Amino acid sequence: MIDIKLTEEPLDISACVEWVMSPECGGIDVFIGTVRNATKGKTVLRLEFEAYEPMALKEMQKIADQTMQKWPVQKILLHHRTGTLAIGEVPVIIAVAAAHRDAAFDACRYIIDTLKQTVPIWKREIFEDGEVWVAAHP
Amino acid sequence: MKLNVLAFGIAKDIFSGSAIDVELTGEATVTALRISLENQFPRLKQLASYMVAVNNEYASAEDVLQLRDEIAIIPPVSGG
């Protein structure tokens, strides 16, 4: 089973973990991304996330489908937020349930690493003295 | 052929808007679109990279664009 979501509303960590729980799974691996207060020593005030929604959902679904083919996992949840997020807020939750832990760990890692490469979502860091689109320039 | 191109992230800043019209003469490939946009907006060339998406899929350089396609400029992504 796969649950994909892109939302402006705060993500609910415990509801996400609960969704992947299942009797046939002996391990759940969860990745929670949080907004960090600094980048390269510079204070970050907040982050703004923008998505090309229909394509982002399609790419998120592709990653989940590929993951299901590569590893014996039962459930995959992939939720990402858009809009303005304060320090400590949660832009992304990935939860994977599998019968055994190796698959859950590997699959979870693959999902976040691939999301960062292929899903059309952009993050802008707002500093005290300016703002920058992350990864835009070499 | 006049194409409407969507912009996201820093591309929106570069185009000063979330969409732009581009007039292409000759074969309307992804490469032709890129060349036209880069001539009009040299800042595109300063990006680490950028992709063109057609109908919500990443497109290849030689793909041919149609009038009804949904075309988007995808600057380096940074989700997560």
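Just above, that's the structure.
Keep in mind that this is a model prediction, so the values were computed, not measured.

(A) Representation of the packing of aromatic side chains in the model. Summed over all chains, the structure comprises four aromatic pairs over all chains. Taking the centre distance of 4.4 Å and the plane angle of 25° together, the rings of A:Y52 and B:F8 count as stacked. You can see A:Y52 sitting in the loop between strand 4 (42-51) and helix 2 (53-70) and its partner B:F8 sitting in the loop between strand 1 (2-7) and helix 1 (10-15), one on each of two chains. Of the residues examined, B:F8 reaches a relative accessible area of 11% and is grouped as buried. Consider the rings of A:W122 and B:F8, whose centres lie 5.4 Å apart with planes at 5°: the pair is stacked. Here A:W122, found in strand 8 (residues 121-127), pairs with B:F8, found in the loop between strand 1 and helix 1, and the two come from separate chains.

(B) Spotlight on the interface of chain A and chain B. Taken together, the contact between chain A and chain B spans 29 residues of the former and 23 residues of the latter. Taken as a group, A:Y52, A:M55 and A:W122 account for 29% of the area that chain A buries against chain B, more than any other trio of residues on that side. Joining chain A to chain B, the criterion identifies three salt bridges. For A:K58, the salt bridge goes to B:E57, with nearest N and O atoms at 3.2 Å. The interface formed by chain A and chain B contains 17 residue pairs in polar contact (both at pLDDT 80 or more). Of all elements in the fold, only strand 4, helix 2, helix 3 (101-118) and strand 8 of chain A reach the threshold of two or more residues within the side of chain A that touches chain B. Its residues assigned to classes, the side of chain A that touches chain B shows 18 nonpolar, four polar and seven charged.

The rules behind the values
- Sequence order as written defines the numbering, with residues in each chain counted from 1.
- Chain letters and ligand numbers both follow the written order, the letters beginning at A and the numbers at 1.
- For a predicted model such as this one, the threshold for reporting local features is a pLDDT of at least 70, and the threshold for listing and counting side-chain atom pairs is 80 or more; totals across whole chains, interfaces and linings nevertheless cover every residue.
- Hydrogens are left out, water is left out, and the side-chain values use all remaining heavy atoms of the structure.
- Pairing of aromatic rings covers Phe, Tyr and the six-membered ring of Trp, with a centre-to-centre limit of 6.5 Å; geometry is then stacked below 30 degrees between planes, edge-to-face above 60, and tilted otherwise.
- Think of it this way: any DSSP run of H or I at least four residues long counts as a helix, any run of E at least two long counts as a strand, and we number them from the N terminus.
- We call a residue buried when its accessible area falls under 20% of the maximum for its residue type, exposed when it is over 50%, and partly exposed in between, using a 1.4 Å probe and counting protein chains only.
- Residue contacts follow a heavy-atom distance rule, with two residues in contact if any of their heavy atoms lie within 4.5 Å.
- Defined here as a combined quantity, buried area equals the accessible surface (1.4 Å probe) lost by two parts on assembly, summed across both.
- Any carboxyl oxygen of Asp or Glu that lies within 4 Å of a side-chain nitrogen of Lys or Arg is treated as forming a salt bridge with it.
- Polar contact is the term for a pair of N or O atoms within 3.5 Å; when the atoms are in protein, one must be able to donate a hydrogen and the other to accept it, and sequence-neighboring residues count only if both atoms are side-chain atoms.
- We call Asp, Glu, Lys and Arg charged. Ala, Val, Leu, Ile, Met, Phe, Trp, Tyr, Cys and Pro are nonpolar, and the rest, Gly among them, are polar.

Keep in mind these values describe shape, not function.
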